[in-house]
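Understanding the architecture of this molecule
Chain residues, written in single-letter form:
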Amino acid sequence: MSFLGRGPSAPSGGINHERVEMAVSELDMITDIFNKLVSSCHTKCIATRYAEGDLNKGESVCIDRCVGKFFEVNKKVGEKLQAMGAAAGGSAGGAFPSL
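Below: a short report on this structure. Fair warning: this is a prediction, and the values are worked out from it, not measured in the lab. (Residues numbered from 1 in each chain as written. Predicted model: local features only at pLDDT ≥ 70, side-chain atom pairs only at ≥ 80, totals over all residues. Heavy atoms only, no water.)

1. Some details on the nonpolar core
Listed in full, the 5 residues of the largest apolar core are Leu 37, Cys 41, Cys 45, Ile 46 and Cys 66. Ranked by the residues each element gives to this core, the list is headed by helix 1 (residues 17–45), at 3 residues. Among residues more than four places away in sequence, those in contact with Ile 46 are Cys 41, Leu 55, Glu 59 and Ile 63. (Core = buried A, V, L, I, M, F, W, Y, C linked by side-chain atoms within 4.5 Å. Buried < 20%, exposed > 50% of the residue type's maximum accessible area, 1.4 Å probe, protein only. Helix = DSSP H or I, 4+ residues; strand = E, 2+ residues; numbered from the N terminus. Contact = heavy atoms within 4.5 Å.)

2. A closer look at the state of the cysteines
The final tally for this structure, using the stated rule, is 2 disulfides. At a sulfur-sulfur separation of 2.0 Å, the disulfide partner of Cys 41 is Cys 66. On the sign convention where negative is left-handed, the bridge of Cys 41 and Cys 66, at about -90 degrees about the S-S bond, is left-handed. Of this pair, Cys 41 sits in helix 1 while Cys 66 sits in helix 2 (residues 57–88); the two residues are 25 residues apart in sequence, bridging distant segments of the chain. Cys 66 shares its class with Cys 41; the two are buried. Here Cys 45 connects covalently by a disulfide to Cys 62, the sulfurs 2.0 Å from one another. Because the torsion about its S-S bond is -70 degrees, the bridge between Cys 45 and Cys 62 counts as left-handed. Taken as a pair, Cys 45 in helix 1 and Cys 62 in helix 2 lie far apart in primary sequence, 17 residues in all. With relative accessibility at 21%, the residue Cys 62 sits in the partly exposed group. (Disulfide = S-S within 2.5 Å.)

3. Thoughts on the layout of surface pockets
The computed volume of the largest pocket comes to approximately 200 Å³. Elements with a minimum of two residues in the lining of the largest pocket: helix 1 and helix 2. With 6 residues, the single largest contributor to the lining of the largest pocket is helix 1. The class makeup of the residues in the lining of the largest pocket is 4 nonpolar, 1 polar and 3 charged. Roughly 150 Å³ of volume is contained in the second largest pocket. Forming the walls of the second largest pocket are Ile 46, Ala 47, Arg 49, Tyr 50, Ala 51, Glu 52, Gly 53, Asp 54, Leu 55, Asn 56 and Glu 59. (1 Å grid on protein atoms, 1.4 Å probe; cavity = no way out; pocket = protein on both sides within 12 Å on 5 of 7 lines; lining within 4 Å. Points joined across faces, edges and corners; volume = space filled by probe spheres on them. Nonpolar A, V, L, I, M, F, W, Y, C, P; charged D, E, K, R; others polar.)

Dropping the structure here:
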């Protein structure tokens, strides 16, 4: 069984284009989240003037905490959106109420 639709359970046409599009879309979302994380934490934790080739202890601790907080907030927002989507139950309109 293959994620992209190749293998024993693949349709006779070969690659499942719907799954490929889903994978590309998911990769785009993950890349966007990563880029936002890097930008946000770099701006917050790293000085604009680079004095050394490596991060100092303060920068390393700041980056570690920033990344942890970023993912924790991302997780909480995702859970809240899932709960609101489940509560809406596919009602007409499709818009989420305010957080």
